[in-house]
Amino acid sequence: MAILVTGGAGYIGSHGVYQLIGLGYEVIVVDNLETGYKNAIHPEAKFYQGDIRNRDFLREVFEQENIEGVMHFAANSLVGESMKNPLKYFDNNVHGTQVLLEIMIEYHVKHIVFSSTAATYGEPQYVPIDEFHPTQPINPYGEAKLMMERIIDWTAKAFDITYVSLRYFNVAGAHSSGKIGESHLPETHLIPIILQVPNHKREKLSIYGEDYETKDGTCVRDYIHIEDLIDAHIKALKYLLSGHKSDIFNLGSGEGYSIYEMLKAAENVTKQTIPYEVVQRRPGDPAVLVASSTKAKEILKWAPKYNNVSQIIESAWHFHQNHPEGFEV
């Protein structure tokens, strides 16, 4: 029996594939390579290139493989892009999930772990944010992910499927081997952008606003290491395969770090001064996002092993020093 990983050539999905294979799972990867990289896929995974919105393509995969469960990472994930092109996000993310569920039902696959996001919450009414917090997205990316959650939930009720939706905060870092890590084109995530400066790929860091109501005026985020995140996905998969009910969990460290604090930590890790400039805010950015992961710790028995941002940045720096150009396209 195999685990299907959609988006398995992307940053988070590829780490999921590596950990699953390391634990002895047979893994099937589906990715259209729009934002993923073929050479980020574990060599022992079986790879099908195609789009999950293509029913015939997805049927072919399910027909040929004996799939027991799905880890669903395939999605566009840029907040800024979603503000400019919301229909792309509803088409790819929401419609893609609909088609995936249709084919799961057709082939009697009953378990799905879904890669959701803290963007479903919108501007926090309180922190740390727990699973009871109202869901009021402030950008199309968060709205699309919330719609995906709801589609999965209603489908699960109707067709006896079980799911876990994992709402995570800022994912960062790289695989301990240094073989895979965070690489996007263009790059939009904070830690790899910061590290592009000491890696001589960027002149300076742009900080989007310093007039937020936070400790130093810059946005505050909760960072979780990619390997801790995937550990939670695998625990969620085992939880479903052992017969437990559907549920939603937050994943984060429970600690918030401002942009300036992340900059200082990166300077300490790289032992270089990192120049920066303050520019206008980006639309759709909440001031503070910090998670409560108590529920995941209690029910999934999950706890992050990387407990501070310096460890996360160190693993990312190790990857980026070895891959200064990221993955080859």
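Heads up: the structure comes first, above all this text.
Keep in mind it's a predicted model, so treat the numbers as computed, not measured.

## Let's talk about the packing of aromatic side chains
Then, number 1: Under the definition given, this model contains four aromatic pairs.
Then, number 2: On the numbers, 6.5 Å between centres and 85° between planes, the contact of Y89 with Y141 is edge-to-face. Of this pair, Y89 sits in helix α4 (residues 86–106) while Y141 sits in helix α5 (residues 140–159); the two residues are 52 residues apart in sequence, bridging distant segments of the chain. Like Y89, the residue Y141 is buried in the burial classification.
Then, number 3: Residues Y239 and F249 carry aromatic rings whose centres are separated by 6.2 Å and whose planes lie at 85° to one another, so their mutual orientation is edge-to-face. Note that Y239 is positioned in helix α7 (residues 226–241) and F249 in strand β11 (residues 247–251), a separation of 10 residues in sequence. Considered together, Y239 and F249 belong to a single accessibility category, that of buried residues.
Then, number 4: It is K157 that lies over the ring of W154; its NZ or CZ is 5.5 Å from the centre.
Then, number 5: Its end group placed over the ring of F249, K295 keeps NZ or CZ at 5.2 Å from the ring centre.

## Description of the side chain of T97
Then, number 1: Inspection of the secondary structure puts T97 in helix α4.
Then, number 2: Side-chain polar atoms of T97 contact the side chain of H72, separated by 3.0 Å.

## As for the pairing of strand β2 (residues 26–31)
Then, number 1: The element β2 is extensively covered by neighbouring structure, given that five of its six residues are classed as buried.
Then, number 2: Pairing between β2 and strand β3 (residues 46–49): four bridges, direction parallel. The partner of I28 across the bridge, within β3, is K46.

Conventions and cut-offs
- Sequence order as written defines residue numbering, which begins from 1 separately in each chain.
- Totals for whole chains, interfaces and linings use every residue, but because this is a predicted model, local features are given only for residues with pLDDT of at least 70 and side-chain atom pairs only at 80 or more, for both listing and counting.
- Hydrogens are left out, water is left out, and the side-chain values use all remaining heavy atoms of the structure.
- Ring pairs are drawn from Phe, Tyr and Trp, using the six-membered ring of Trp, whenever the two centres fall within 6.5 Å, and their geometry is named by plane angle: stacked under 30 degrees, edge-to-face over 60, tilted for the rest.
- Secondary structure elements are taken from DSSP: a helix is a run of H or I of four residues or more, a strand is a run of E of two residues or more, and numbering for both begins at the N terminus.
- Exposure categories follow from relative accessible area, calculated using a 1.4 Å probe and restricted to protein chains: below 20% of the type maximum is buried, above 50% is exposed, and the middle band is partly exposed.
- Look at NZ for Lys and CZ for Arg. If either is within 6 Å of the ring centre and within 35 degrees of the ring normal, a charge sits over the ring.
- Any pair of N or O atoms that falls within 3.5 Å is considered a polar contact. Within protein, one atom must be able to donate a hydrogen and the other to accept it, and sequence-neighbouring residues count only if both atoms are side-chain atoms.
- Strand pairing follows a simple DSSP-based rule, namely that at least 2 bridges must link the two strands.

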